[in-house]
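Fold and contact review
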Amino acid sequence: TGTAEAVARRFAKYAKQRGCSIRACTEMNDVCDLPSQAAVAIVAFVATCGDGEIPGGALQFKDALNNFKAGDLSKHTFTVFALGDRSYAKFCEAGKFFDKKLEACGAKRVGKMGIGDACDEDGWETGYTTWLPEALSALGVAAEEESSTPPEP
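Summarised in this report is the structure supplied together with it. None of these values were measured; they are calculated from a predicted model. For every chain, the first residue of the written sequence is number 1, and numbering continues from 1 onward in sequence order. Selection of residues for local features in this predicted model requires a pLDDT of at least 70, selection of side-chain atom pairs for listing and counting requires 80 or more, and totals for whole chains, interfaces and linings are taken over all residues. By convention in this description, side-chain values take in all heavy atoms of the structure and omit both hydrogens and water.

1. Points about the pattern of salt bridges
We apply this condition: The working definition used for a salt bridge is a side-chain nitrogen of Lys or Arg within 4 Å of a carboxyl oxygen of Asp or Glu. The helix and strand labels rest on DSSP assignments: H or I over at least four residues marks a helix, E over at least two residues marks a strand, and numbering proceeds from the N terminus.
Tallying each qualifying case throughout the model produces six salt bridges. Put simply, Arg9 and Glu5 hold a salt bridge, and the shortest N to O gap is 4.0 Å. Of the two residues, Arg9 and Glu5 both sit in helix H1 (residues 2-17), four residues apart, roughly one turn of that helix. Members of the salt-bridge network, linked through shared partners, are Arg86, Asp117 and Asp120.

Quick look at the structure:
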């Protein structure tokens, strides 16, 4: 969804500033070829649509994951940030699906799934702010350097 893509772009920009190589992808459908790729860290940002549905930009990836076998993704690591609205019965269901399925296919979880709840006072920001430092550390991303010099205006 647009919100998940915006959060993913924000994360990618932040990680790039810390020296990470980011594969540009706006839809999860862009990474259906994971078993044939060299080891990568998968950071999935997934919104839940309607009554627990997978967003359209991730349906092909869902089908691909359902066809992967245990161990197909063993060279990869992952973490998930799920976005949803706790007023729905199937809160963050799409994120939970991908979190479980990536692990079932052999990818190594490096951090707990983050939850961005639209009902929080700051929306998804509340959960993202908590999840981000833990995710970056788990992924081995360099910490932000402290500086005694104030930032440029």
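2. Concerning the packing of helix H2 (residues 59-67) against helix H3 (residues 93-104)
In plain terms, the rule: Every axis corresponds to a line fitted to the C-alpha atoms, with the helix fit spanning only the stretch in contact, and the corresponding angles, defined between N-to-C directions, vary from 0 to 180 degrees. Definitions for this section: a left-handed crossing has its near helix turned counterclockwise from the far helix by less than a right angle. A right-handed crossing has that turn clockwise. Residues are treated as being in contact if the distance between any of their heavy atoms lies within 4.5 Å. The residue classification treats Ala, Val, Leu, Ile, Met, Phe, Trp, Tyr, Cys and Pro as nonpolar and Asp, Glu, Lys and Arg as charged. All others, Gly included, are polar.
The geometry of H2 relative to H3 is characterised by a closest axis approach of 10 Å and an angle of 35 degrees between their N-to-C directions. The way H2 lies across H3 gives a crossing that is left-handed. Here Phe61, Lys62, Leu65 and Asn66 of H2 lie close against H3, whose contacting residues are Phe97, Phe98, Lys101 and Leu102. Partitioned by chemical class, the residues of the contact of H2 with H3 number five nonpolar, one polar and two charged.

3. Here's the deal with H2
Short version of the rule: Only protein chains enter the accessibility calculation, which uses a 1.4 Å probe. A residue is then buried if its area is under 20% of the maximum for its type, exposed if over 50%, and partly exposed in between. What the arc measures is the spread of directions leading from the helix axis to the C-beta atoms.
Buried residues of H2: Phe61, Ala64 and Leu65, and no others. Mapping the buried residues of H2 onto a view down its axis gives an arc of 100 degrees, with all of them on the same face. Along H2, exposed side chains directed more than 90 degrees from the buried face belong to Gln60 and Asn67. On its buried side, H2 packs onto H3.

These values are about where atoms sit, not about what they do.
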